[in-house]
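Coordinate inspection notes
Residue-level listing of the chains:
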Amino acid sequence: MISPTPVQQGNDVQAKFRIRNRSSRNITLQRLLAAGRWSTDPDLLNWSSPNNADFPNASSSQIVLKPGQAYDYVVKTHFDNQGYYFAEPWRQEAGNAGKYYTGGIWGGNRVYFMVGETVVENVPLYLQTDRRWSTEPYGRYPETDRINTIGKWGCNLTSGAMIVSYHSNTLEHNPKVLNEWLRSNNGYDENNYVIHNEVTRYACNKGVKLAFDGLLPGPNDQKLDGYLREGNPVILGVVTTYGQHYVVATGKMTINGRSTYMINDPLLGKTILDEHYNNTYNQILLYRSSSKCGTKMVEIRVHSPVHLVVTDPLGRKSGYDPRTGATWNEIPDTGYVSETIVAPDGDALPESKVMVIPNPVEGEYNFQVIGYDSGSYLVHLQETFSDVVKTGKT
């Protein structure tokens, strides 16, 4: 166990280990310590034992462990460099001075952690593949469906559950609980994407004061860094080898002169953006703690084959016209993005285009739905916590 966690640059860090004799004989230990490495550097870290004592809890300089017996010990070090580390217990048996061993009869016990310049502490990690909820039917799919599950499609859902759990400081808002509530409260759109402000409504319903500030195209490091510095983890849209995916950014670090972000990945666990996603992201979903529940906003979703251009009461535009290729980003803090989720097996949900307008000015808005192919289309409009759905053909 590492403390404190996450680890910020300049921290003193302690690692607590339990080492157990899994052999059938007594073993006399001369010294215990810990070793660790950079993800990119083979050199050992210099861990030391507290108080310079080999066995701070023992009465002598050696200790005998009987078969099955365990011993707890703590080591410490100081981190001046950012990076991706692990620590693991090492042992020196009596009579083998200078020779240290790891693994073997002692098992794994390796602990991974990261050291960064900006760290949001205590963001829980949920995996969409966790067997406690991975086989639950996802989104609007039928209760009996065991193919379209959280384990297959639940990356954005699972990321949202991490956000709510972090801001509530509890683990009760897991992907299963959030999914069940969204299924029962129209929290998914017609293509089975999470309606982002419905995560806020769920949080408010559970007494968690959470605000959703919008969805923006990425990369936007300035916005992302600002939210992280204020202690708000951020959902990122990333592109995998098989398609679109969602993760939670929990901090920022620099490795070998290259800035990157710490992430909680619903598929891969705790990792960094540079390791799996070419150090880039194409969307940011901005949630933050708030003194009151909810955010005044308009969230519009259109389903193919159309694009959207919105004009606000002040004549400012946002959206995309496929006829001319023109793009507008005039309405402040308003993003217009294409949402897709692609499962690891290559299956993909149908595309949804999403525009989120936070803190809209009062007055009349003009919505242009512009077709780029023949077929049916659907527009889903949510104003704060009320829904309007309109359909048509192009």
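Residues numbered from 1 in each chain as written. Predicted model: local features only at pLDDT ≥ 70, side-chain atom pairs only at ≥ 80, totals over all residues. Heavy atoms only, no water.

What follows concerns the side chain of Asn279. Tracing the backbone shows Asn279 in the loop between α6 (273-276) and β15 (283-289). Of the polar contacts made by the side chain of Asn279, one reaches the backbone oxygen of Ser259; its length is 2.8 Å. Once you skip the residues sitting within four places of it in the chain, Asn279 turns out to touch Arg258, Ser259, Thr260, Tyr261, Leu273 and Asp274. (Helix = DSSP H or I, 4+ residues; strand = E, 2+ residues; numbered from the N terminus. Polar contact = N/O pair within 3.5 Å; in protein donor to acceptor, adjacent residues only side chain to side chain. Contact = heavy atoms within 4.5 Å.)

Turning next to the nonpolar core. Core analysis: the biggest nonpolar cluster contains 56 residues, and Tyr138, Leu157, Leu224, Leu236, Tyr281, Tyr287 and Ile341 have the highest contact counts within it. Broken down by element, this core gets its largest block of residues, seven residues, from helix α2 (residues 155-168). If sequence neighbours within four positions are ignored, Tyr287 has contacts with Ile163, His196, Val199, Thr200, Leu210, Ala211, Phe212, Tyr227, Asn232, Pro233 and Ile235. In terms of nonpolar packing, the next biggest core, distinct from the first, is built from 12 residues, Ile300, Leu308, Met355 and Ile357 among them. (Core = buried A, V, L, I, M, F, W, Y, C linked by side-chain atoms within 4.5 Å. Buried < 20%, exposed > 50% of the residue type's maximum accessible area, 1.4 Å probe, protein only.)

What follows concerns the pattern of salt bridges. Summed over all chains, the structure comprises 18 salt bridges. The residue Glu339 makes a salt bridge to Arg301 at a minimum N-O spacing of 3.1 Å. Taken together, the positions of Glu339 in strand β20 (residues 335-339) and Arg301 in strand β16 (residues 297-303) put the pair 38 residues apart, joining distant regions of the chain. For Glu339, a relative accessible area of 0% corresponds to the buried category. A residue is classified by how much of its surface remains accessible, and Arg301, at 1% relative accessible area, is buried. Several salt bridges converge on common partners, so that one network encompasses Asp189, Glu299, Arg301 and Glu339. (Salt bridge = Lys/Arg side-chain N within 4 Å of Asp/Glu carboxyl O.)

This part is about empty space enclosed by the protein. If you roll a probe as big as a water molecule over the atoms, it shows you where there is empty space left. Within this structure, the stated rule accounts for two cavities of 30 Å³ or more. Of the voids in this model, the largest cavity is the one considered here, and its volume is about 40 Å³. In terms of lining, the largest cavity is formed by Gln128, Lys152, Trp153, Cys155, Tyr242, Gln244, His245, Leu267, Ile341, Val342, Ala343 and Pro344. Mapped onto the lining of the largest cavity, the elements with two or more residues apiece are α1 (150-153) and β12 (244-255). (1 Å grid on protein atoms, 1.4 Å probe; cavity = no way out; pocket = protein on both sides within 12 Å on 5 of 7 lines; lining within 4 Å. Points joined across faces, edges and corners; volume = space filled by probe spheres on them.)

So, about the confidence of the model for the chain. Mean pLDDT for the chain: 82, with 75% of residues reaching 70 or above. Ranking the elements of the chain by mean pLDDT puts strand β24 (residues 386-393) last with 50 and helix α3 (residues 175-184) first with 98. In the predicted structure, residues 97-108 sits below a pLDDT of 50 and forms 34 contacts with residues beyond four places in sequence or in another chain. Here residues 389-394 is modelled with pLDDT under 50, and outside its nearest four sequence neighbours on either side it reaches 20 contacts, counting other chains as well. (pLDDT = per-residue confidence, 0-100.)

Looking at the element boundaries, Arg132 is found in the loop between β9 (118-119) and α1. Classification of Arg132 as exposed rests on a relative accessible area of 56%. In sequence terms Arg132 and Pro175 are 43 residues apart; their C-alpha atoms lie 9.4 Å from each other.

All told, the structure shown has five aromatic pairs when counted by the stated rule. Each ring, one from Trp181 and one from Tyr202, has its centre 5.5 Å from the other, and the planes form 70°; the classification is edge-to-face. You can see Trp181 sitting in helix α3 and its partner Tyr202 sitting in helix α4 (residues 196-205), a full 21 residues away along the chain. The same class applies to Trp181 and to Tyr202, which are both buried. Lying over the aromatic face of Trp328, Lys317 brings its terminal NZ or CZ to 4.9 Å of the ring centre. (Phe/Tyr/Trp six-rings, centres within 6.5 Å; stacked < 30°, edge-to-face > 60°. Lys NZ or Arg CZ within 6 Å of the ring centre and 35° of its normal.)

A word on the layout of surface pockets. Roughly 340 Å³ of volume is contained in the second largest pocket. Lining the second largest pocket are 25 residues; nearest its centre among them are Thr295, Lys296, Pro358, Asn359 and Pro360. When contributions to the lining of the second largest pocket are tallied by element, the ones reaching two or more residues are β10 (210-217), α5 (221-229), β15 and β21 (352-358).

Taken in spatial order, the four strands of this open sheet run β19-β18-β17-β22, and their pairing is antiparallel. This sheet does not close on itself; its edge strands, each paired only once, are β19 (326-329) and β22 (366-371). Averaged over all pairs of adjacent strands, the angle between their axes in this sheet comes to 20°, without regard to strand direction. Examined bridge by bridge, strand β17 (residues 306-311) and strand β18 (residues 317-321) share three bridges and lie antiparallel to one another. Paired with Thr311 across the bridge in β18 is Lys317. (Pairing = 2+ DSSP bridges. Axes fitted to C-alpha atoms, helices over the stretch in contact; angles between N-to-C directions.)

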